[in-house]
Amino acid sequence: MHNSQLPTSNSQGDRVVALGVVALLLASLGVSLLDAQGAKAAMQQDPACQSLTPVSAGGPAPKGPDTVVVRWLGWTNYEIAYRGEVFLLDAYFDRGPRMHAVGVAPADIRKATAIFIGHAHFDHMSDAAAVAKQTGATVIGASFAGDVLASGGVPARQFKAVKGGEVMPYPGVTVEAALGHHNVIATTVPQGFLEKQAAALDAASLQQPPTDAEKAQLDAIRARGSRDPKIATDGVINYLFTFGNGFHVLFADSPGPITADQRMLAQRAPTVDVAMFPYFSFEAGIPPLVELVKTFRPSTVFLGHHDAEGTMKWASNYPPALAIRDASPKTRTMDVIYRTPVCFNTQSKEMLIGW
Ligand SMILES: [Zn+2]
């Protein structure tokens, strides 16, 4: 405010110098003001931002070299498309007879650079073996995921085991793994509460109990996952994607107690632009989700894992979104349905919700 006391001519001079400095800074980042203004318009014209077909299932890849397209594909499944690369996060597309259809069957997925598995429970990787075999994509995950893939007939060379700390380079992208922890929500509520909650929801639903054929279908899906108890402490991996000059996308598929590895990751990536975080178990699931948000302070959060069957078990995004905003006022929570393309410009960081 001391500027107001300076002669007008000096004050204007200061402004010109200041604008010049800003322009130089932007230029050094590879951004011109014109580009920043044009990024959203370019995304509006990009077919990848206007199609409901995932790139992995034959949809258009982004034209813009600075465009990242994120699609939620149900539960904690996501697709990230960038230039010629397609990254899949988790692989649980065929979720069984009563679940809402994602609109993409495992057999539809024909193109993937890599598949990143957050942890090896069936509801995060039951279709990983099938998708890996038909795409040839490398699967990345903790060793427990490797065991599931081996029993699904995936060659060992197609699996990369990680424990946290690994850095994986792809064209224009680096991916860093960090060890998380599985959720412990059952220990935060009175004993038997979650079972009672599930029974109450069943009792209040118009849906009939599952038939024997449906139960068999669910058992087959559940068999394509690991139940190793060590997954809780040693098997949950978060992945931090860094696109271009520093657009950060973080994937975590279980909201466990925050680990030392996660705190270190948060320090190394002080700006997380997009995070995919899990939300489930209704009110009991909000506190651990909020802890993740407070640790990473992402600009945008996608929520998954809350879309179980019917209308009563698909938990609303609104209560967690309000809790997130209270805890981190600059974090916005996305509310999109399956396959909607959400495009981000990695330079200007503008967002466009397509379709
Ligand atoms: Zn799990």
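Residue numbering note: each chain is counted from 1, following its sequence as written. Local features are withheld for residues below a pLDDT of 70 in this predicted model, meaning they are given only at 70 or higher, and side-chain atom pairs are given and counted only at 80 or more; totals for whole chains, interfaces and linings count all residues. Only heavy atoms go into the side-chain values, all of them from the structure, while hydrogens and water stay out.

Novice: Pulling in residues and values, what's your account of unusual backbone geometry?
Specialist: Excluding glycine, residues mostly have negative phi values, and the peptide bonds linking residues are mostly trans. The phi angle at F282 is positive, at roughly 55 degrees, despite the residue not being glycine. Mapped onto the elements of the fold, F282 is located in the loop between strand 11 (274–278) and helix 10 (286–296). You will see that K349, though not glycine, has its phi angle at about 65 degrees, which is positive. Numbering goes from the N terminus for both helices and strands, where a helix is a DSSP run of H or I of at least four residues and a strand is a run of E of at least two. Relative to the helices and strands, K349 resides in the loop between strand 14 (342–345) and strand 15 (351–353). Think of it in three bands: residues with accessible area under 20% of the maximum for their type are buried, residues over 50% are exposed, and the middle band is partly exposed, with areas taken using a 1.4 Å probe on protein chains only. K349 gets classed as partly exposed once you look at its relative accessible area, which sits at 34%.

Novice: Can you explain the packing of helix 9 (residues 260–268) against helix 10? Please cite residues and give values.
Specialist: Axis definition: a line fitted to C-alpha atoms, limited for helices to the stretch in contact. Angles are taken between N-to-C directions and run from 0 to 180 degrees. In the contact formed by helix 9 and helix 10, the axes pass within 9 Å of each other and the chain directions differ by 40 degrees. In terms of orientation, helix 9 lies oblique with respect to helix 10. Between helix 9, through Q262, R263, L265 and A266, and helix 10, the contact on the second element is made entirely by L292, T295 and F296. An angle below 35 degrees is read as roughly parallel, one above 145 as roughly antiparallel, one from 65 to 115 as roughly perpendicular, and any other as oblique. Should any heavy atoms of two residues lie within 4.5 Å, those residues are counted as being in contact.

Novice: Explain the nonpolar core to me, and be specific about the residues and the numbers.
Specialist: We call a set of buried Ala, Val, Leu, Ile, Met, Phe, Trp, Tyr and Cys residues a nonpolar core when their side-chain atoms join them within 4.5 Å. With 59 residues, the main nonpolar core has F116, Y239, F241, F243, M276 and F302 as its most contacted residues. Each residue touching F302, except ones within four places of it in the same chain, is listed here: V70, Y78, V274, A275, M276, F277, M334, V336, V342 and F344. V272, F277, I286 and L292 belong to the second-largest nonpolar core, a separate cluster that totals 23 residues.

Novice: Kindly report on the side chain of D273, identifying the contributing residues and their values.
Specialist: By secondary structure assignment, the location of D273 is in the loop between helix 9 and strand 11. The buried category is assigned to D273, whose relative accessible area is 8%.

Novice: An account of the packing of aromatic side chains is needed here, citing residue identities and associated values.
Specialist: Within 6.5 Å between ring centres, the rings of Phe, Tyr and Trp (the latter by its six-membered ring) count as paired, and their orientation is classed by plane angle as stacked under 30 degrees, edge-to-face over 60, tilted in between. One pass over the structure, following the stated rule, counts 17 aromatic pairs. Each member of the aromatic cluster is reached from another via a ring pair, and the members are Y82, F87, F116, Y170, Y239, F241 and F243.

Novice: If you had to explain the coordination of the zinc ion to someone new, which residues and values would you point to?
Specialist: Atoms of type N, O and S within 2.8 Å of a metal are treated as its donors, and for Na, K and Ca the window is 3.2 Å; water is not considered, so some sites may appear to be missing partners. Here the zinc ion is held by H119 (NE2), H121 (ND1) and H182 (NE2), and the distances to it run 2.1 to 2.2 Å. Linear spacing of the donor residues for the zinc ion on their chain is H-x1-H-x60-H. Remark: H182 occurs in the loop between strand 8 (173–179) and helix 6 (193–203) and H119 occurs in the loop between strand 4 (114–116) and helix 3 (122–125); sequence separation between them is 63 residues.

Novice: Help me get a handle on the packing of helix 10 against helix 11 (residues 318–327), residues and values and all.
Specialist: For the pair helix 10 and helix 11, the least separation of the axes is 10 Å and the interaxial angle reads 40 degrees. When the interaxial angle is binned, helix 10 and helix 11 end up oblique. For the pair helix 10 and helix 11, the sense of crossing is right-handed. From helix 10, I286, L289, V290, V293 and K294 reach across to helix 11, where they touch P319, P320, A323, I324 and A327. By residue class, the composition of the contact of helix 10 with helix 11 is nine nonpolar, no polar and one charged. In this scheme, a crossing is called left-handed if the near helix is turned counterclockwise away from the far one by less than a right angle; it is called right-handed if the turn is clockwise. For this classification, the nonpolar set comprises Ala, Val, Leu, Ile, Met, Phe, Trp, Tyr, Cys and Pro, the charged set comprises Asp, Glu, Lys and Arg, and every other residue, Gly included, is treated as polar.

Novice: Talk me through the sheet that holds strand 2 (residues 78–82); I want residue IDs and the actual numbers.
Specialist: When DSSP locates at least two bridges between a pair of strands, those strands are taken to pair. With respect to topology, eight strands assemble into an open sheet ordered 6-5-4-3-2-1-14-15, the strand pairing being mixed. Taken across any chain shown, the strands that pair with only one partner, and hence form the sheet edges, are strand 6 (159–161) and strand 15. The mean angle between the axes of side-by-side strands here comes to 20 degrees, regardless of whether they run parallel or antiparallel. Strand direction decides the pairing type here: strand 5 (residues 138–141) and strand 6, joined by three bridges, are parallel. Bridge assignment links G141 to a residue of strand 6, and that residue is A161. The sheet strands contacting helix 5 (residues 143–151) are strand 5 and strand 6, and the helix crosses strand 6 at an angle near 155 degrees.

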